[in-house]
Amino acid sequence: MTDSSWPRVKALFQAAVERPIEDRHAFLIAEAGDDEVLRREVESLLASDALEGSFLDRLPTAQGSVLDDPLASQLASADRSVPHAVLTAGVRVGPYEIVAPLGAGAMGEVYRARDTKLNRDVALKVLPERFALDPDRLARFAREAQVLATLNHPNIAAIYGLEQSSEQGPGVTGSAPRGGQALVLELVDGPTLSDRIAQGPISLGEAITIARQIAEALQAAHEKGIVHRDIKPANIKIASHGVVKVLDFGLAKVWEGAPHANLSTSPNLTGTGVVERTIMGTPAYMSPEQARGQSLDSRTDIWSFGCVFFEMLTGRAPFAADTIADTLAAILEREPDHTMLPADTPVLIRQLLRRCLEKDRERRLDSAARARLAIDDAIASPAAESVALPAPRSSRFIRVAIAALAGGTAIAALVAWALSQPALVAPMLPSRFAIVPPLAQRLNVSGGDRDLALSPDGRLVVYRAGGTGTAGSPLHVRSIDQLDARPLANIGGAYAPFFSPDSRWIGFFESGEIKKVLITGGPVITLGPVSGRSLGASWGDDNSIVFATDERSTGLWRVSADGGEPTRLTTPDGAQPQSDHQFPSVLPDHRGVLFTIAEPGNADNAQVAVLDLTTGQWKTLVRGANQAEYVNDASGSGQGGYLLYATAGTLRAVRFDLARLEVQSDPVTVVEQLMTKPSGAANYAVSRRTALVYVPPEAGDQNPMRSLVWVDRNGREEPLRGAPTRGYGPPRVSPDGKRMAIGIVDQGRTNVWIWDFALETLKPLTSAAGMNGLPVWTLDSQRIIFMSDRTGVLNLYSQTADFTGTAVQITTSASSQWPTSITRDGEWIVAFERRPRMTSSEIVVFPLTSPATRPQSDRARGHWHSLAESIAAIRFNGSWATVSPNGRYLVYQSPESGRNEVYVRPFPEVDRDRWQISKGGGTRAVWARNGLELFYLDESGALISVPVQTSGPRFVAGTSSMIFDTVYAEPNPARHYDVSPDGRRFLMLKDRAADPNATPASMVVVDHWFGGLHWRVPERGK
Amino acid sequence: MVSPPDITALLSDWSRGDRAALNLLLPLVYAELRRAAARQLRRERADHTLQPTALVHEVYLRLVDQREVDWQNRAHFFGVAAEVMRRILVDHARRHAAIKRGDGQRCVSIDEAKDVAASDEIPILVLDHALGRLERVDAALAKIVELRAFGGLTIEAAAHVLGVSPSTVKRDWRTARAWLRRELAPEARL
């Protein structure tokens, strides 16, 4: 590098280093362009920054000088005295494949790595070389790691084990391969507490919930005799949902005995503890005994815990000073400034801090369990115990949502301070915990309705589990106080569960019917037919069920819980022809029905209304709100109850007068982030009195992340070069073979994207809410036909594939329509549709051109409706039909034999003949482009080939043979693969293995959710 | 022997812009730091290292009347001390390396140094060499490293001494660390 290039290098480095690691490469490519030397220069700086940068960053600035002590640098360089390799992405250490560097400290470099055996991401801490060269030490370390690996607690980042093997692969740049000694650790995404503190003050409530979880972690470890010895904000991470994870448990000790290469310190800094802590960061959290170099026990963690808690509340570590010497002096001699604590810090917390920060450990609080109990006591009686000092914070309403993910068990108390309105504080405070179903029973949040139900007695949660292909029952029942969920028997396609008022029955929808089953099992009882997909159901006290569907303008339906023909309860206003009535909730004593008035596809403009069952009239209660539920006030105030509703991704509550059907207060937010669906459905449910369960929004992002692979006829896979991992739907290669159209799910929307094989670019073609998918290319590769539900029903649209046009609606129908193929002359589109009230599919054929030019207007819609149906001259039962390349035959699937089989019919004279292709089940058939072969998937998901003859006078099918039996992703019933134009390869979707480190789809149960809420009753409410 | 109030006054003068004060200040700080370093080294085995920021701190406490000095003056003191400390450490390290050679111990080159974990003083020399190279590339970065590594200055204090914003220091510090890190482990270059 020449000095003249330095300013540019520096500027680029400083710009790049501010970006997330994953974005840096692209940024450099964009900025440095062709200047390879420049780019490499900056990248090498970034690499060394990654090793050391976080070391600096995770410290409060006040301790910067301590951290950056040159002694520490010396030790660090001694640490790295043997040339150390920088591991780059792709390098393997045993079964672990390096993904990216995460940072480094004296303990070694840390990488994000992929565990290729278990298909999860882990943190890999590659040990310093000097470590690996000392067999005794290594053996001791291995034993220690085993002990540490037994620590299994939701608030402790797990140590999976020690990997001893050498690196392989191309990225090793060290002078010689070394015996890689790497600790395999749980990867925790999220900011460290130190990051969090740097962002700004932590509210009292949040600090307490974090502290409580740290105390739980310490308690669990101390009970096993494991002392952390290095508790500090940089070692504590805040994962999703506020779950605290303490990192590096016990590692400090393991490191402490490291040979120090004869390094020592000045007399006032004797003791390996100081040096180690100096290497690792800062002595600001060291206990006095640690500072003196004395032996340590669990009480040292109690001290450090006190320091961390204190810092959370004050923004400053109690003994932090500019230099090591000052810091140590403060630890040994000075008392922390307790006046820095927020005025509303409860007395119990103040006492706890004093007892943790007792310099004489004989007088210090002696267990983490006691610390936790003290916090619980403080939570239980915050108002009574808090200091009544006037301070801005005391009047502020602090509500904190936390959930401890203890494999679903740990219950973390929740704090709510409502000090300014003591009269309205409910005696019980909310408690929350998360239910994280195991992978096999994972929460399924597809579809437009709710995916869970809570029994009115608050004891049981019923949720929808598994993917679309899951065998057995998708509805699972879980008792609040148990770990396992069990499936409800014999209900294969059930969705949208709801409870009977006595908590004994589960109602649900399946196959166009509304049904019920006893929660304990037994036969499924069909109650009545349902047209369309459900949008809410509620079981009233009068033994009737009110429900709604996505069939437009039908309003609410009522059906007896003993079965019968559903009757209409409401019909939407003539003034609002587009509006639909959805998400009913029957009020107690059959007083009325809450429901949502919404325009399909416009959930944001929904209103919560109430139907007065005595008068048959309804009125709007809350605008911009969706899916209301009523809950009695369990606090016994006799003031009626609460109305809960979803708005803008939050769950809010207002006081509600049941007798007058009137809102009585301003809204209060109960859940900050709630998963809502494009249909407007909000994924929550309430019990009669005190409990609610909801799905956090992250669950909606659990799009099946997939990659695209070419698989040849020998089953050999080759990734589609350059294609990212996304929520792909079925791929469709263009007739000219140059591009691919594909639906991609992202944040609840599906849109059509186009991949260019040559340019390796992926660009969105459509960008609309809801579903825009299942692309079909026109024969000239110029246009895409796709389906979209932008008007509320899946209809067909057309758009040019050059990114310049807009979507044109080509059919308008009350039936859902799925495009599958285009005829050889390009004039007709083959689709299948599902009519309202029908569950079977019919293959239909529409003209592709003429209606597309017609203007869109409401008046024209009625006309079109009949037009589309009359035009579809061809109509027969079946789905997923494609026309043979020569246009003479149609391959499709049909369940007419009792299971799906693949058939071929002549085209267009479909009634003339029929040949069954598959035996023992077959779906998702497609023609080879040369017309000489048919492909389909058999029952097991294997890809089958059948040689066919379509050119002669008669259709002939040969003997089928399997091409490969690897089961690839099944996004939905669609043909989720495509064939290359030459017929040699198949473009398959591959599920990215479920990432156990990703936020598991969870449900959060909140009991006493209204506790401590501050109800501002407006004047008009009087 | 100069009494502490003099140092304090010089510091105040210097921080008000009096360059002459600095010329008077430097030798005082140097002498005191050397004395402190010598004391410390006598107490330790000869192959033990120094604890520079602790030394600087010790000297600061000895020389400066803290009641009279505000934090800006303090920052300036540490700024000067950092430079002095670096010189002392490097001198000491060089002498010590020479003694080792004189004793018939093996000669330690800088490159070998990293293989010899026991060579306490070599890293100082390595760092000094690397800092020298950094000085030629970007003197401002080198100064920041000197202030922070040898003087123990915080970001804020370094910013004050250099008359730039803390965010600049922070950015440059990170850059300097990355540069040095790479420089000290050339095999890590990508």
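Preceding block: the structure.
Because the structure is predicted, anything quoted here is derived from the model rather than measured. Residue indices begin from 1 for each chain and proceed along its sequence in written order. For this description, chains carry letters from A and ligands carry numbers from 1, given in the order in which they are written. The model is predicted, so local features are restricted to residues of pLDDT at least 70 and side-chain atom pairs to those at 80 or more, both for listing and for counting; the totals for chains, interfaces and linings are taken over all residues.

Here's the deal with the overall build of chain A
Selection criterion: Runs of E in the DSSP output that reach at least two residues are strands. Runs of H or I that reach at least four are helices, and both are numbered from the N terminus. As a rule, residues whose C-beta atom has 12 or fewer other C-beta atoms within 10 Å are exposed, those with 20 or more are buried, and those in between are partly exposed; C-beta atoms are placed from the backbone. Note that contacts rest on C-beta atoms placed from the backbone: two residues are in contact if these are within 7 Å.
Check the secondary structure of chain A and you find 18 helices and 61 strands. By the burial criterion, 52% of the 1022 residues in chain A qualify as buried. When contacts within chain A are restricted to residue pairs at least 6 apart in sequence, long-range pairs at least 24 apart make up 53% of them.

What to know about the packing of helix α7 (residues 139-151) of chain B against helix α8 (residues 155-162) of chain B
Residues and elements named next belong to chain B. Here is the rule we go by: Every axis corresponds to a line fitted to the C-alpha atoms, with the helix fit spanning only the stretch in contact, and the corresponding angles, defined between N-to-C directions, vary from 0 to 180 degrees. Should an angle fall under 35 degrees it is taken as roughly parallel, and over 145 as roughly antiparallel, whereas 65 to 115 is taken as roughly perpendicular and any remaining angle as oblique. In this scheme, a crossing is called left-handed if the near helix is turned counterclockwise away from the far one by less than a right angle; it is called right-handed if the turn is clockwise.
Remark: α7 packs on α8, axes separated minimally by 10 Å, with the N-to-C direction vectors making an angle of 130°. Here α8 runs oblique to α7, going by the angle between their axes. With respect to the hand of their crossing, α7 and α8 are arranged in right-handed fashion. Contacts between α7 and α8 involve Lys143, Ile144, Leu147 and Arg148 from the former and Ala158, Val161 and Leu162 from the latter.

A word on the sheet that holds strand β37 (residues 717-719) of chain A
Residues and elements named next belong to chain A. Rule in force here: Two strands pair under a simple rule: DSSP has to find at least two bridges between them.
With antiparallel pairing, four strands are arranged side by side in an open sheet as β37-β36-β60-β59. A strand with exactly one partner marks an edge of an open sheet, and here the two such strands are β37 and β59 (977-979). Across the sheet, the mean angle separating the axes of adjacent strands is 30° when strand polarity is ignored. In this structure, β59 lies alongside strand β60 (residues 985-991), joined through three bridges in antiparallel fashion. Paired with Asp978 across the bridge in β60 is Leu987.

Digging into the pairing of strand β51 (residues 889-894) of chain A
Residue and element names in this part refer to chain A. In terms of burial, β51 is largely enclosed, as six of its six residues are buried. Side chains Tyr889, Val891 and Gln893 project from β51 onto one buried face, and the interleaved Leu890, Tyr892 and Ser894 project onto a second face that is buried too. Note: strand β50 (residues 879-883) against β51, three bridges, orientation antiparallel. What sits directly across from Val883, in β51, is Leu890. In textbook terms, the turn of a hairpin is the stretch between consecutive antiparallel strands, and for β50 and β51 this stretch comprises five residues, one of which, Gly887, has a positive phi near 80°. Sheet analysis places β51 next to strand β52 (residues 901-906), joined by six bridges and oriented antiparallel.

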